[in-house]
Protein chains: 2
Amino acid sequence: MTDDHQAQLEAFRESIDNIDASLVFMLAERFKITQKVGFYKREHNLPPADKLREEHQIERLRALAKSANLDPEFSEKFLHFIIREVIQHHERIREKGSLDKDVT
Amino acid sequence: MTDDHQAQLEAFRESIDNIDASLVFMLAERFKITQKVGFYKREHNLPPADKLREEHQIERLRALAKSANLDPEFSEKFLHFIIREVIQHHERIREKGSLDKDVT
């Protein structure tokens, strides 16, 4: 690999690193909100999952992905990946709740 | 579910939807760059994977996740999820290249 190649790859990688930092901070914010949702649902005995809501999210993200020239299949896989993690968080909240009812 | 519960969940969901839109557009931009990287590497016969770069990315994202109070394990899983997708894109670029050398 020449110095030119190295410099060009470095330039690409700087942009990727900036985007990755934004993604991580955005995800951190998203989990802060879904954590609040988890506590709220537990406090008010609301059902943890909402299939209709999930279907709307998928449709919406697929449309946004298309408009941004991103593979809609990928946006759906991405949402499922995030939702799986949220469900695990919610399960931890519920387990914690069953051990210690004073947590909320 | 009462109207109050519904209204509170709606408020949470609006924020989640805003963040998801940002994530999708950010990911679209990330894939635009990794696509350029894929073409560049193919054009200059550079190796598709770089293990050392990947290790640096993981360490950096774990540190950023910690600073944002996000589970570092999740940030690592997330990066692997994205990288798997990028590798699939790069493979498609390579396959396309072998079928039609005039693509780039």
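Higher on the page you've got the structure.
What you see is a predicted model, and the numbers here were worked out from it, not measured in a lab. (Residues numbered from 1 in each chain as written. Chains lettered and ligands numbered in written order. Predicted model: local features only at pLDDT ≥ 70, side-chain atom pairs only at ≥ 80, totals over all residues. Heavy atoms only, no water.)

Some words on the relation of the copies chain B and chain A
It takes a turn of 180 degrees to lay chain B on chain A, together with a shift of 0.0 Å along the axis; the resulting RMSD is 0.0 Å. Taken together, the rotation angle and the small translation identify this as a two-fold axis. Of the C-alpha atoms belonging to chain B, the one lying closest to the rotation axis is found on Leu23(B), 3.2 Å away. Both copies share a contact surface, since 100% of the interface residues of chain B are interface residues in chain A too. (Least-squares fit on C-alpha atoms with pLDDT ≥ 70 in both. Contact = heavy atoms within 4.5 Å.)

Quick notes on the pattern of salt bridges
Taken as a whole and assessed by the stated rule, the structure comprises 16 salt bridges over all chains. Notably, a salt bridge pairs Arg53(B) with Asp17(A), separated by 3.1 Å at the nearest N-O pair. With Arg53(B) in helix α2 (residues 51–67) and Asp17(A) in helix α1 (residues 3–43), the pair connects residues from two separate chains. As far as the burial class goes, Arg53(B) and Asp17(A) line up, both buried. Across the pair Lys32(A) and Glu29(A) runs a salt bridge whose closest N-O atoms are separated by 3.8 Å. In this pair, Lys32(A) and Glu29(A) both sit in helix α1, three residues apart, roughly one turn of the helix. With a relative accessible area of 46%, Lys32(A) lands in the partly exposed category. (Salt bridge = Lys/Arg side-chain N within 4 Å of Asp/Glu carboxyl O. Helix = DSSP H or I, 4+ residues; strand = E, 2+ residues; numbered from the N terminus. Buried < 20%, exposed > 50% of the residue type's maximum accessible area, 1.4 Å probe, protein only.)

What to know about the packing of helix α2 (residues 51–67) of chain A against helix α1 (residues 3–43) of chain B
Look at α2(A) against α1(B): their axes get within 10 Å of each other, and the N-to-C directions meet at 30 degrees. Of the two possible hands of crossing, α2(A) and α1(B) adopt the one that is right-handed. Judged by residue contacts, Arg53(A), Gln57(A), Arg60(A), Leu61(A), Leu64(A), Ala65(A) and Ser67(A) of α2(A) engage Arg13(B), Ile16(B), Asp17(B), Asn18(B), Asp20(B), Ala21(B), Val24(B) and Phe25(B) from α1(B). (Axes fitted to C-alpha atoms, helices over the stretch in contact; angles between N-to-C directions. Left-handed = near helix turned anticlockwise from the far one by under 90°.)

What about unusual backbone geometry?
The residue Asn69(A) is not glycine, and still its phi comes out positive at about 65 degrees. Tracing the chain through its elements places Asn69(A) in the loop between α2 and α3 (72–99). Positive phi values are uncommon outside glycine, yet Asn45(B) reaches one of about 50 degrees. Take Asn45(B): it is sitting in the loop between α1 and α2. Among the residues examined, Asn45(B) registers a relative accessible area of 71% and is labelled exposed.

Some details on the environment of Arg62(A)
All names here are of chain A. Residue placement: Arg 62 occurs in helix α2. For Arg 62, a relative accessible area of 19% translates into the label buried. Sequence separation of Arg 62 and Phe 74 is 12 residues, and the distance between their C-alpha atoms is 8.6 Å. Non-local contacts of Arg 62, meaning those with residues more than four positions away in its chain, are made with Pro 72, Glu 73, Ser 75 and Glu 76.

Quick notes on the packing of α1(A) against α1(B)
Running from N to C, α1(A) and α1(B) cross one another at 165 degrees; their axes reach a closest spacing of 9 Å. One finds that α1(A) runs roughly antiparallel with respect to α1(B). Between α1(A) and α1(B) the crossing geometry is left-handed. (Parallel < 35°, antiparallel > 145°, perpendicular 65-115°, else oblique.)

Concerning the interface of chain B and chain A
The partner chain A presents 51 residues to the 51 residues of chain B that form the contact. Roughly 5,100 Å² is buried in total at the junction of chain B and chain A, and carbon and sulfur atoms are behind 76% of that figure. Note that Glu85(A) is salt-bridged to Lys77(B), the shortest N-O span being 2.8 Å. At the boundary of chain B and chain A, one finds 12 residue pairs in polar contact (both at pLDDT 80 or more). Among the elements of the structure, α1, α2 and α3 (72–99) of chain B are those that each provide at least two residues to the side of chain B that touches chain A. Top contributing element to the side of chain B that touches chain A by residue count: α1(B), with 29 residues. Grouping the amino acids of the side of chain B that touches chain A by side-chain chemistry returns 27 nonpolar, 10 polar and 14 charged. (Buried area = accessible area lost by both parts, 1.4 Å probe. Polar contact = N/O pair within 3.5 Å; in protein donor to acceptor, adjacent residues only side chain to side chain. Nonpolar A, V, L, I, M, F, W, Y, C, P; charged D, E, K, R; others polar.)

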